[in-house]
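Survey of secondary and tertiary structure
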Amino acid sequence: MVKIQTVKVSVIGPGHIHSNIPNQDAVAISNVPTGWIACVCDGMGSRKKSEIGSRLACEAVSKVIKKSVFTISDKVLIKLIYQTWLDSLGEVKPNDAITTCLFAWLSHSGEVRTFQLGDGLILPYLNKPSMGINNRFGNETTGLGKSNKFSDWVTNKYHLGDDNFIALMTDGISEDLQSGTEADFVREIIKQIKAKSTRQYKSWLKNELRNWATPNHTDDKSLAILAIGNN
Amino acid sequence: MSLKKFAVAKARALPVIILADTSGSMSVDGKIANLNEAIQDMVSTFKQESARQAEIQVGLITFGGNEAELHTPLIKATEIESIQELTAIGRTPMGNAFELATELLEDQSKITSRDYRPVLILLSDGIPTDEWKSSLETLCNSERASKASRFAMAIGNEANLTVLEQFNNDLEASVFKANEARDIHRFFRAVTMSVTARSQSQTPNELIAIDFDDLENGDDLGLDLSGQW
């Protein structure tokens, strides 16, 4: 069984503070019988209940995976999670609660499955980081409550060894990271975890995200990391 | 140790690119003078509004004479001292302007993937004198260029509405018809308000309409979202 370190953090963006609206991101890390889950969801800013949509999406991911075998097919898993999310909305309309949904499911043996609907970044660090080509423009996204297509989801499988990690972040962070430094950014956070107490590193990390260096940054910022062994 | 070094030290941009007809016919009835004033007013407003959510950038492509020209490269509105006055002369190479716009929109070094969906503004009082159809088709089908919001203004009765309507992709705002020169100001004021509102909103990109009927075979997740909308 692999040993892991986990990080989860979410801070409200200055734009939301200015507009007096809540943090619309949600982040979760859970233990499940088959391993661990990390999940970040970014509620769509223009929707009035998106903070509910993102929170319920994290809960739906956890609820479904807790009862699932690791070999469940991508499409069945996505459909179960999506349906659980729809059922949990109650009186809230899906269109008012649109949210991205990014999650990683790590098994006890280091296998990891990743699922992404909408903006944000899932960054696996194996022996070297890999990045995709992005031909879109910022904030051009889809999510639960908007998409009804399996093909809108990006799914992947990896094996994480010692010193590897999988990091998930909402676009409030990923869109503002300098290209090519994403893995170093996560490694720096993991390094700080080792050097500080839990309370110290959480306070440090929140402070760093609140005082983000990109001018006019407005978005909420959320991050979840599952790191194997001694990073 | 700080994480600051990993963050891009540049705000996300909202690019606004104007395609301005500067052919000879714009020289009459005070049209070019009004256009010059309207563009200056717009830039001046953008300079005041640019400090918040998105940094507005402005670029200007002119088409008059033998070929289109990148008159003002995409630049932060706050850094524009003044826009050099446009002069009106010659033919109407609108197709060439579409080509320059496509080139600019597809250039990821000029408009990055973290920038907001650009705005293209076309204004013309005439009929294109070059091969515009294939150039507009290329613009409308290019991966990134096709995603820009496109507005159009027809100045006077001579303008080819067919071209402008094909260019325009704002379903809620049809081609603006400027019957008098001062209407140019009205159009620019409307676009300026739209851009500044976007630059200050939480979601500077408009949502894409959802078409649940447009599903590929085998791709439909079969969930009933419609009953709950």
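Calculation notes
- Residues numbered from 1 in each chain as written.
- Chains lettered and ligands numbered in written order.
- Predicted model: local features only at pLDDT ≥ 70, side-chain atom pairs only at ≥ 80, totals over all residues.
- Heavy atoms only, no water.
- Pairing = 2+ DSSP bridges.
- Helix = DSSP H or I, 4+ residues; strand = E, 2+ residues; numbered from the N terminus.
- Axes fitted to C-alpha atoms, helices over the stretch in contact; angles between N-to-C directions.
- Contact = heavy atoms within 4.5 Å.
- Buried < 20%, exposed > 50% of the residue type's maximum accessible area, 1.4 Å probe, protein only.
- Phe/Tyr/Trp six-rings, centres within 6.5 Å; stacked < 30°, edge-to-face > 60°.

Some words on the sheet that holds strand E4 (residues 119-124) of chain B
Residues and elements named next belong to chain B. The mixed open sheet is built from 6 strands, whose spatial order is E3-E2-E1-E4-E5-E6. Among the strands making up the open sheet, the edge pair consists of strand E3 (67-76) and strand E6 (176-178). The average undirected angle you get between the axes of adjacent strands in this sheet is 15°. Where helix H2 (residues 94-106) meets the sheet, its contacts fall on strand E1 (13-21), strand E2 (55-64), E3 and E4, and the angle it forms with E3 comes to roughly 30°.

Topic: unusual backbone geometry
Phi is positive for A:Asp163, which is not a glycine, with a value near 70°. Considering the arrangement of structural elements, one finds A:Asp163 in the loop between strand E7 (153-159) and strand E8 (165-169). By relative accessible area, A:Asp163 is classed as partly exposed at 33%. A positive phi angle, near 60°, is found at B:Asp29, a position not held by glycine. Take B:Asp29: it is sitting in the loop between E1 and helix H1 (31-49).

Quick notes on the sheet that holds strand E2 (residues 25-32) of chain A
Residue and element names in this part refer to chain A. Strands sit in the order E2-E3-E4-E5-E7 across an open sheet of 5 strands; the sheet is antiparallel. This sheet does not close on itself; its edge strands, each paired only once, are E2 and E7. Each strand of the sheet is rotated relative to its neighbour by a mean of 10°, with strand direction disregarded. Of the strands in this sheet, E2, strand E3 (35-42) and strand E4 (101-107) touch helix H2 (residues 50-66), which is tilted by about 15° from E2. Those strands touched by helix H3 (residues 74-88) are E4, strand E5 (111-117) and E7, and its axis lies near 55° from that of E5.

What to know about the side chain of A:Ser30
Relative to the assigned elements, A:Ser30 resides in strand E2. Classification of A:Ser30 by relative accessible area gives buried; the value is 16%.

Some details on the packing of aromatic side chains
All names here are of chain A. In this structure the tally under the stated criterion is 8 aromatic pairs over all chains. With a centroid separation of 6.0 Å and 70° between ring planes, the pair formed by Tyr82 and Trp85 is classed as edge-to-face. With a gap of 3 residues between them, Tyr82 and Trp85 both fall in helix H3, about one helical turn apart. When sorted by exposure, Tyr82 lands in the same class as Trp85, which is buried. Taken together, Phe103, Phe115 and Trp153 form an aromatic cluster joined through their ring pairs.

So yeah, pure geometry; function would need other evidence.
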